[in-house]
Amino acid sequence: MATVEITREHDLGKEAARERAERLADKLAQKLGAECSWEGDDLTFKRSGADGLIRVSDNLVEVTVKLGLMFTPMAGMVKGEIEKALDKYLA
C-alpha cells in the first residue's frame, strides 16, 4: 500500500475552501467512481482500491489518499494529479 499526502495553504477562508473541496470531490466522484461524504470539516472518499480524506481548515487543505496494491505503482501520477487539481481549485 502507498499513501499520498499533500498540504496546501490558502487564503480563501474555511467556507470558500470547503466549497472548492466539494467541487474537487465531485470531480473525483465522476472520474473515479468514488463515494464522498462530509463529516465536519473532513470530506472522505472511497472507491475500490483507494480511499482518502480532504481536511479543510481556515488556511490549509490537507489531502491524504491510501492506495491499494493495484494502484501503488501509480502513486506518483496520483500525487501529481491531486497537486494540479488543488492548484486549480484553490487559486
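Residues numbered from 1 in each chain as written. Predicted model: local features only at pLDDT ≥ 70, side-chain atom pairs only at ≥ 80, totals over all residues. Heavy atoms only, no water.

*Asks:* For this particular structure, what's the right way to read the pattern of salt bridges?
*Replies:* Note on pairing: side chains with opposite charge can pair once their charged atoms come close. Applying the stated rule across the entire model yields five salt bridges. Across the pair arginine 8 and aspartate 87 runs a salt bridge, and its minimum N-O distance is 3.0 Å. Remark: aspartate 87 occurs in helix α2 (residues 75–89) and arginine 8 occurs in strand β1 (residues 2–9); sequence separation between them is 79 residues. When the shortest N-O distance is used, the salt bridge between aspartate 41 and lysine 14 registers 2.9 Å. Placement of aspartate 41 in the loop between β2 (35–39) and β3 (42–47) and of lysine 14 in helix α1 (residues 14–32) is noted, with a sequence separation of 27 residues between them. The partly exposed category is assigned to lysine 14, whose relative accessible area is 27%. Salt bridges linked by common partners bring Lys14, Arg18 and Asp41 together as one network. (Salt bridge = Lys/Arg side-chain N within 4 Å of Asp/Glu carboxyl O. Helix = DSSP H or I, 4+ residues; strand = E, 2+ residues; numbered from the N terminus. Buried < 20%, exposed > 50% of the residue type's maximum accessible area, 1.4 Å probe, protein only.)

*Asks:* Looking at this structure, I do not really get the pairing of β2. What am I missing?
*Replies:* Along any regular strand, the residues point their side chains to alternate faces of the sheet. By the bridge criterion, five bridges tie β2 to β3 in an arrangement that is antiparallel. Its bridge partner being in β3, glutamate 39 is matched across the sheet by aspartate 42. In sequence, β2 turns back onto β3 through a hairpin of two residues, with glycine 40 there showing a positive phi of about 65°. (Pairing = 2+ DSSP bridges.)

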